Amino acid sequence: MSFVMESGLAPAAITALEEQTQRILPVGYKRFLSQYNGFYVASPFYCNVPFDKVDNGDIDMTCLFGYEVDNKNHDLLALNHEFLDEISHVDNALIVGADAGDNFYVVICSEHTPYVYYWDRTHLHAYDDKLHYDIAEQDECGHLYLVAMDFITFLNRVIELLNEQDANLPYLK
């Protein structure tokens, strides 16, 4: 398996990102951006994340977006500009990553609830028997499922799974 990491962001770039998104980013997410500024698992691979809230028992993760990166398909601002209004009912949301099928990972930019959600935007799991979502869709935008209580917990789980698949990523603390 191969993966590509971006170079970390300087504090001034993170501040600029916060200004452009009008969000105060959770501490753990800022730490990730300062060290990696995004990464993706190179095709044809992805990371299977065990997840008991959907019928098949897992979801996948292919990338975490970066700020001002060369690949516009992984650009945090571009993707939020294009898709974030679809979940305008979710306060302080920021799209930070994706699976291979245009479903996204969303961080809540709040000091007290910096949760990470999987957004089933394409309704991949809409007909599952389980349907254990945490935020119900509005206007057919797709349900959101709580994945982790904070970004570092989520990221370290992904890194652990990638390392099991022969990657060599360090953990964040």
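Residues numbered from 1 in each chain as written. Predicted model: local features only at pLDDT ≥ 70, side-chain atom pairs only at ≥ 80, totals over all residues. Heavy atoms only, no water.

Points about unusual backbone geometry
For Asn92, which is not a glycine, the phi torsion comes out positive at approximately 60°. Within the fold, Asn92 resides in the loop between helix H3 (76-83) and strand E6 (93-98). Judged by its relative accessible area of 38%, Asn92 falls in the partly exposed class. Located in the positive-phi region is Asp102, a residue other than glycine, with phi close to 65°. We classify Asp102 as partly exposed; its relative accessible area is 46%. (Helix = DSSP H or I, 4+ residues; strand = E, 2+ residues; numbered from the N terminus. Buried < 20%, exposed > 50% of the residue type's maximum accessible area, 1.4 Å probe, protein only.)

Some points on the environment of Asn103
With respect to the element layout, Asn103 can be found in the loop between E6 and strand E7 (104-108). Separated by 21 residues in sequence, Asn103 and Leu124 place their C-alpha atoms 8.4 Å apart. Here Asn103 is in contact with Gly97, Ala98, Tyr118, Trp119, Asp120, Arg121, Thr122, His123 and Leu124, once residues within four sequence places are set aside. There is a polar contact of 3.3 Å between the side chain of Asn103 and the side chain of Tyr118. Polar contacts involving the side chain of Asn103 include one to the main-chain amide nitrogen of Arg121, which spans 2.9 Å. (Contact = heavy atoms within 4.5 Å. Polar contact = N/O pair within 3.5 Å; in protein donor to acceptor, adjacent residues only side chain to side chain.)

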